[in-house]
Amino acid sequence: MKYFYHHGKLSLSLLLGITCLLICLTSHYILTPEFYENSGNPLSGVPGSGAGIYDALQQWVYVSAIAYLLIKLALVTLILHTACYLSDIKVSAGKIFRIAVLADFIFLIPAVIKLLSFKDMFENGTLSDWHRYYMGSALSFFSNIPADWYYALQSLNLFEVGYWFILAYGLSEVTDAGFDKSLRIVLVSYVPALAVWIAAVTFFSLLMFPATG
């Protein structure tokens, strides 16, 4: 971990690279045009013509995924850096950014598990099954729930909690604050911000797609 911390550009490149690789594998082996058609969600109104639209959209999938990840890392850095400043803890934004990058690797674990196990878990899986399936999340405790709540319940998962502890451990390593104080900083800054973000996404989902609520 220390090696990747001191090589921030390598860590970020590796994170983005693995993310793109997982998207590529998912697109080729699971979320294919045929998968969408079999799920009753064809990419085109003309049967069999979804492949062309699929290929045209693929580049935007990569761009949006990279943009989302970079924005997320920047926001987490801003939140934690502000919290440290208010707590009279001196640490540069660059160090926090590197910690955020390393911590985000934990979310690759459920992504890999989902990719490898989806077809075994759902032999004739649909797009709804794909959206619902997330290892270790609160969504697994609910069988019938509107799609608008998928994101909120998926966000409540074991890997997210692990992410908090990794952030706290990273802060304790680059500051003079101990682990307990670093964990408190994460809990009183990042976690409330996450709750606001989840509430906002859920609200706008209900607002834009009231029929699925």
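Residues numbered from 1 in each chain as written. Predicted model: local features only at pLDDT ≥ 70, side-chain atom pairs only at ≥ 80, totals over all residues. Heavy atoms only, no water.

### Overview of the packing of helix α2 (residues 8-29) against helix α6 (residues 108-121)
- Following both chains from N to C, one finds α2 and α6 inclined at 15°, their axes separated by 11 Å at the closest point. By the angle between their directions, the pair α2 and α6 is classed as roughly parallel. Handedness of the α2/α6 crossing: left-handed. Here α2 contributes L15, I18, T19, L22, L25, T26 and Y29 to the contact with α6, which in turn contributes L108, A111, V112, L115 and K119.
- Residues belonging to the contact of α2 with α6 are distributed by class as follows: nine nonpolar, two polar and one charged. (Axes fitted to C-alpha atoms, helices over the stretch in contact; angles between N-to-C directions. Helix = DSSP H or I, 4+ residues; strand = E, 2+ residues; numbered from the N terminus. Parallel < 35°, antiparallel > 145°, perpendicular 65-115°, else oblique. Left-handed = near helix turned anticlockwise from the far one by under 90°. Contact = heavy atoms within 4.5 Å. Nonpolar A, V, L, I, M, F, W, Y, C, P; charged D, E, K, R; others polar.)

### A look at the layout of surface pockets
- Counted as a void, the largest pocket has a volume near 2,100 Å³.
- Along the walls of the largest pocket sit 45 residues, with A65, Y68, Y134, Y151 and Q154 positioned nearest its centre.
- Every element with two or more residues in the lining of the largest pocket is listed here: α2, α4 (50-86), α6, α7 (127-132), α8 (150-155) and α10 (179-208).
- Looking at the lining of the largest pocket, its residues break down into 32 nonpolar, nine polar and four charged. (1 Å grid on protein atoms, 1.4 Å probe; cavity = no way out; pocket = protein on both sides within 12 Å on 5 of 7 lines; lining within 4 Å. Points joined across faces, edges and corners; volume = space filled by probe spheres on them.)

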